[in-house]
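# An overview of the molecular structure
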Amino acid sequence: DMSSAQAKPGAVPHQVTNMQGNVSEAEVKQFSAQFGNMLSKGQSLIQSLAASAQSQQNEYLKTVIGQVQKDVGGGNPLSASMAKHPDVFNQEYV
């Protein structure tokens, strides 16, 4: 049973909108689960970010994760790297 908000095109609940792209809360949750699973299996932070980015269908989210990967690879903490993208990773997430 779909609510009327879900039935209307473009009326996706809990969606973050900015000039560059849209990332839904569900997409962030899916990324988080996948990313955490890879880390728990022993993959490095960089490998997990790279694999997570590659598997994204949302091109904007793929780009953001790639930027986070680049920052982490450059020696920045994961939290600081994610905090640069508040449109995707809000303060509570970081």
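Scope of this entry: the structure provided in the associated data block. (Residues numbered from 1 in each chain as written. Predicted model: local features only at pLDDT ≥ 70, side-chain atom pairs only at ≥ 80, totals over all residues. Heavy atoms only, no water.)

Per the stated rule, a full pass over the model turns up three salt bridges. In this structure, lysine 29 engages glutamate 25 in a salt bridge whose closest nitrogen and oxygen atoms are separated by 3.2 Å. Pair noted here: lysine 29 and glutamate 25 are both in helix α2 (residues 25-40), with a separation of four residues, about one helical turn. In this structure, the salt-bridge partner of lysine 62 is glutamate 59, at a minimum N-O distance of 3.7 Å. Remark: glutamate 59 and lysine 62 occur in helix α4 (residues 59-73); sequence separation between them is three residues, near one turn of the helix. For glutamate 59, a relative accessible area of 52% corresponds to the exposed category. (Salt bridge = Lys/Arg side-chain N within 4 Å of Asp/Glu carboxyl O. Helix = DSSP H or I, 4+ residues; strand = E, 2+ residues; numbered from the N terminus. Buried < 20%, exposed > 50% of the residue type's maximum accessible area, 1.4 Å probe, protein only.)

A few words now on the packing of aromatic side chains. Inspection of the entire model under this criterion finds three aromatic pairs. Geometrically, the ring pair formed by phenylalanine 31 and phenylalanine 35 is stacked, given 5.3 Å between the ring centres and 15° between the ring planes. Here phenylalanine 31 pairs with phenylalanine 35, and both are found in helix α2, just four residues apart, close to one helical turn. The buried category is assigned to phenylalanine 31, whose relative accessible area is 0%. Judged by its relative accessible area of 6%, phenylalanine 35 is buried. Here a set of aromatic residues connected by ring pairs shows up, and it is made of Phe31, Phe35, Phe89 and Tyr93. (Phe/Tyr/Trp six-rings, centres within 6.5 Å; stacked < 30°, edge-to-face > 60°.)

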